[in-house]
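Reading the structure
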Amino acid sequence: MKFISIAKKDFKELIRDRRGLVMILLFPLFFMLVFGFAFGGMGQSNQPHNLAVVNYDKGATMSLTGEQVNFGNNLTKVLEDSKYENTDVHLFNVTKTTEIEADKKIKQRDVDAELIIPENFSQSVVSLIISTITQQQSSTSTNSTVSSNATSTIIIRGDTGYTGFGVSQGILTGVLEQYQDKLVTEIQGAIRGSSGVQANQYFQSKVEAIAGTGSFTTFDFMAPGMIVFAILLLTTTVAAALTREVEKGTLARLKLSKMTSFDLLFGGLFPWSLIAAAQVVILLIVAVLIGFHWQGGLYTLLLAIFVGIIGGLASISLGMIIASFARNDRQAANLGTLISVPTSFLVGAFFQLPQVVIANFWGQPFQIYDLLPWTHVLNALRSTLTYGGGWDTIAYQVGWALLLTVILFIIGVGLFSRNRLRAEN
């Protein structure tokens, strides 16, 4: 029965290493929660799709009654009120905005699709109404003349390489077709005896890829996420390295030189920052070689390196926090992995998570994921490397990334100083 003794020994060792046990149990649990949250496994089978509406419609005047109408506003209201069948869940979260802002939201994947209503949309609907009346009045003639023939095109725009856009586009097309059919039915019902009018002769829709994304693939969206994932893994390396210095007694000897925690930790930022910059360059080269559509040339590369260094500093700061509590380098490495890998999913490195807006700053929605600096690093990298955006497109994201990184660094220095470098009385 020696195997029972071995089992008892191993069980005691397993229980003794509580942090390792927690990692084994919580790691897969976290992934189950994240994937369930992202793909609708938590009672969220029907989720609203985020839609940006740009309404240029100037309205029109009904020639028969003199009434001012704006069918662009009417269509927007229909989109806001549309729901999944037999549920109270809306089809769309509608954001009314400008075309420039809508394009930005598409690039950052804050919205799934963009709907552009042209300025003559109401006029085209009025033309449809007039055509129906004319046909009714001239029902005895096969060659009736339509008094107005304005036509308009509604544009459905988005990143054609994004699955979310494909789904939203299909739903939007269906809603627009229902809108056309209902409009014709109501007109024909109001004007008895009319028939044969086709709404698509007066207004129709077309799909348009956002500039520069026509040949994009899913990998073009994921490649910057892989760079952020690599930067986050610095957390594990830094945490293990700092803990190793404690174990070797290096920090105890450095205390004698009156070195401050700021000297040690701030000095360590530079070599690790170079590693982060190198990761951006190396991973970008590999991504391009296997099909990444890099936009913007050298200028965007320099911006990406700068952004990557900020992300590296945030990871180093997180590593300091972990090293403040880890007992040895092995434990530090385990904790680093336990924290950095799930964080990469939370910031959207591999797939977009549902929007959870908690505030608005300077007209921009602030989500719960935006509390992490790597979220802004990722958005900035995608804006510049995938879409070729310049400093003006990433300044907001870089500002938040810097602010949150500074806060994280201050916390890291404070904890490491208190737990590892505080002079003994």
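Each chain carries its own residue numbering, running from 1 in the direction its sequence is written. Residues qualify for local features only when their pLDDT is at least 70, as the model is predicted, and side-chain atom pairs are given and counted only at 80 or more; totals for whole chains, interfaces and linings, by contrast, use all residues. Computation of side-chain values: all heavy atoms of the structure, hydrogens and water removed.

Side note on the side chain of Thr-375
A run of H or I in DSSP counts as a helix once it spans at least four residues, and a run of E counts as a strand once it spans at least two, with each numbered from the N terminus. Relative to the helices and strands, Thr-375 resides in helix H13 (residues 373-386). Among all residues touching Thr-375, those that are not within four sequence positions of it are Val-347, Tyr-369 and Asp-370. The contact criterion used is simple: two residues touch if any of their non-hydrogen atoms lie within 4.5 Å.

Re the packing of aromatic side chains
Put simply, two rings from Phe, Tyr or Trp (the six-membered ring, in Trp's case) pair if the centres are within 6.5 Å, and we call them stacked under 30 degrees between planes, edge-to-face over 60, tilted for the rest. Tallying each qualifying case throughout the model produces 7 aromatic pairs. Measuring from centroid to centroid gives 5.4 Å for Phe-361 and Trp-400, while their planes differ by 55 degrees, and the two rings are tilted. On the criterion of sequence distance, the pair formed by Phe-361 in strand E8 (residues 357-361) and Trp-400 in helix H14 (residues 391-421) is long-range, its members being 39 residues apart. A 1.4 Å probe rolled over the protein chains alone gives each residue an accessible area, and that area as a share of the maximum for its type sets the label: buried under 20%, exposed over 50%, partly exposed in between. Judged by its relative accessible area of 12%, Trp-400 is buried. With a centroid separation of 4.8 Å and 45 degrees between ring planes, the pair formed by Phe-366 and Trp-400 is classed as tilted. Of the two residues, Phe-366 sits in strand E9 (residues 364-367) while Trp-400 sits in helix H14, which places them 34 residues apart along the sequence. Judged on exposure class, the residue Phe-366 and its partner Trp-400 are both buried. Ring-pair connections join several aromatic residues into one group, and the members of that group are Phe-229, Phe-345 and Phe-350. We count a charge as sitting over a ring when the NZ of a lysine or the CZ of an arginine lies within 6 Å of the ring centre and within 35 degrees of the ring normal. Geometry around Phe-221 places Arg-382 over its ring, the cationic atom sitting 3.5 Å from the centre.

Focus: the environment of Ala-304
Relative to the elements of secondary structure, Ala-304 occurs in helix H11 (residues 297-323). Ala-304 sits in the buried class, given a relative accessible area of 0%. Measuring from C-alpha to C-alpha, the distance between Ala-304 and Leu-381 comes to 5.8 Å, with 77 residues separating the pair along the chain. If near-sequence neighbours (up to four positions away) are discounted, Ala-304 is found in contact with Val-280, Leu-381, Thr-384 and Leu-385.

Notes on the pairing of strand E6 (residues 152-158)
In regular strands, side chains alternate between the two faces of the sheet. Summarising burial for E6: 6 of the 7 residues are buried, a large majority. Looking at chain direction, strand E5 (residues 113-117) and E6 are connected through 3 bridges and run antiparallel. Looking across to E6, one finds that Ile-116 is bridged to Ile-155. Two strands make a pair as long as DSSP finds a minimum of two bridges between them. Sheet topology note: the E6/strand E7 (residues 203-209) ladder contains 7 bridges and is parallel. By the bridge assignment for E7, Thr-153 is matched with Gln-204.

With respect to a nonpolar patch on the surface
Two joining distances apply to patches: 9 Å for like charges and 5 Å for nonpolar side chains (Val, Leu, Ile, Met, Phe, Trp, Tyr), and every residue must have over 30% relative accessible area and no salt bridge. For every accessible area listed, the method is Shrake-Rupley and the probe measures 1.4 Å; residues are considered covered only by the protein chains on display. Salt bridge criterion: a side-chain nitrogen from Lys or Arg within 4 Å of a carboxyl oxygen from Asp or Glu. Judged by side-chain polarity, Ile-282, Ile-285, Val-286, Leu-289 and Ile-290 come together as a nonpolar surface patch covering roughly 530 Å² of accessible area. Looking at where Leu-289 falls in the secondary structure, it is placed in helix H10 (residues 261-289). For Leu-289, a relative accessible area of 71% puts it in the exposed group.

Describing the packing of H11 against H13
One can describe the packing of H11 onto H13 by two numbers: an axis separation of 9 Å at closest approach and a directional angle of 165 degrees. When the axes of H11 and H13 are compared, the pair comes out roughly antiparallel. The way H11 lies across H13 gives a crossing that is left-handed. Residue-level inspection shows Thr-300, Leu-303, Ala-304, Val-307, Gly-311, Ala-314, Ser-315 and Leu-318 of H11 in contact with H13, the latter providing Pro-373, Trp-374, Val-377, Ala-380, Leu-381, Thr-384 and Leu-385. Working convention: axes come from line fits to C-alpha atoms, limited for helices to the stretch in contact. Angles between N-to-C directions cover 0 to 180 degrees. Geometric relationships in this document are graded by angle, where less than 35 degrees denotes roughly parallel, more than 145 denotes roughly antiparallel, 65 to 115 denotes roughly perpendicular, and other angles denote oblique. Put simply, a crossing is left-handed when the front helix is turned counterclockwise from the back one by less than a right angle, and right-handed when it is turned clockwise.

Describing the confidence of the model for the chain
Residues of the chain with pLDDT of at least 70 account for 73%, and the chain-wide mean is 80. As a per-residue measure, pLDDT reflects the predictor's confidence and takes values from 0 up to 100. Under a pLDDT of 50 for its full length, residues 142-147 has, in the predicted model, 9 contacts with residues more than four places off or in other chains. Here residues 193-197 is a poorly scored stretch, pLDDT under 50, and it has 15 contacts once near neighbours within four places are set aside; other chains count.

A look at the pattern of salt bridges
Oppositely charged side chains are able to pair whenever their charged atoms sit close together. Scanning the model with the defined rule gives 9 salt bridges in all. Linking Lys-104 and Glu-101 is a salt bridge whose minimum nitrogen-to-oxygen distance equals 3.7 Å. You can see Lys-104 and its partner Glu-101 sitting in helix H4 (residues 99-107), 3 residues apart, about one turn around the helix. Taking the relative accessible area as the measure of exposure, Lys-104 reaches 34% and is therefore partly exposed. Note on Glu-101: relative accessible area 26%, which makes it partly exposed. Between Arg-157 and Glu-208 there is a salt bridge, and its shortest N-O distance comes to 2.6 Å.

Side note on the environment of Val-53
For Val-53, the position within the fold is in strand E1 (residues 49-55). When its relative accessible area of 2% is taken as the criterion, Val-53 is described as buried. Between the alpha carbons of Val-53 and Ala-102 there is a distance of 7.8 Å; along the sequence they are 49 residues apart. Setting aside anything within four residues of it in sequence, one finds Val-53 in contact with Thr-76, Leu-79, Val-94, Thr-95, Lys-96, Thr-97, Leu-115 and Ile-117.

Some details on the packing of helix H7 (residues 218-232) against helix H8 (residues 234-248)
The interhelical angle for the contact between H7 and H8, taken along N-to-C directions, is 10 degrees, at an axis separation of 4 Å. By the criterion of interaxial angle, the relationship of H7 to H8 is roughly parallel. Contacts between H7 and H8 involve Ala-230, Ile-231 and Leu-232 from the former and Leu-234, Thr-235 and Thr-236 from the latter. Of the residues assigned to the contact of H7 with H8, the class counts are 4 nonpolar, 2 polar and no charged. Each residue gets one of three labels, nonpolar for Ala, Val, Leu, Ile, Met, Phe, Trp, Tyr, Cys and Pro, charged for Asp, Glu, Lys and Arg, and polar for the others, Gly among them.

Observations concerning H8
An expected span of 1.5 Å times one less than the residue number is assigned to each helix. Here H8 contains 15 residues, and its C-alpha end-to-end distance of 21 Å stays within 8% of the 21 Å for a straight helix at 1.5 Å per residue. Along H8, the positions that sit buried rather than exposed are Leu-234, Thr-235, Thr-236, Val-238, Ala-239, Ala-240, Leu-242 and Thr-243.

Details of the nonpolar core
Of all hydrophobic cores here, the largest spans 41 residues; its most connected members are Val-228, Val-307, Trp-374, Leu-381 and Leu-385. Elements that contribute at least two residues to this core include exactly H7, H10, H11, helix H12 (329-346), H13 and H14. For this core, the element with the most residues is H11, which contributes 9 residues. Beyond its immediate sequence surroundings of up to four residues, Trp-374 is in contact with Val-228, Leu-232, Gly-311, Ala-314, Ser-315, Leu-318, Thr-343, Val-347 and Leu-408. Membership of the second largest hydrophobic core comes to 31 residues, among which are Ala-60, Val-69, Leu-115 and Leu-172. To form a nonpolar core, buried Ala, Val, Leu, Ile, Met, Phe, Trp, Tyr and Cys residues must be joined to one another through side-chain atoms within 4.5 Å.

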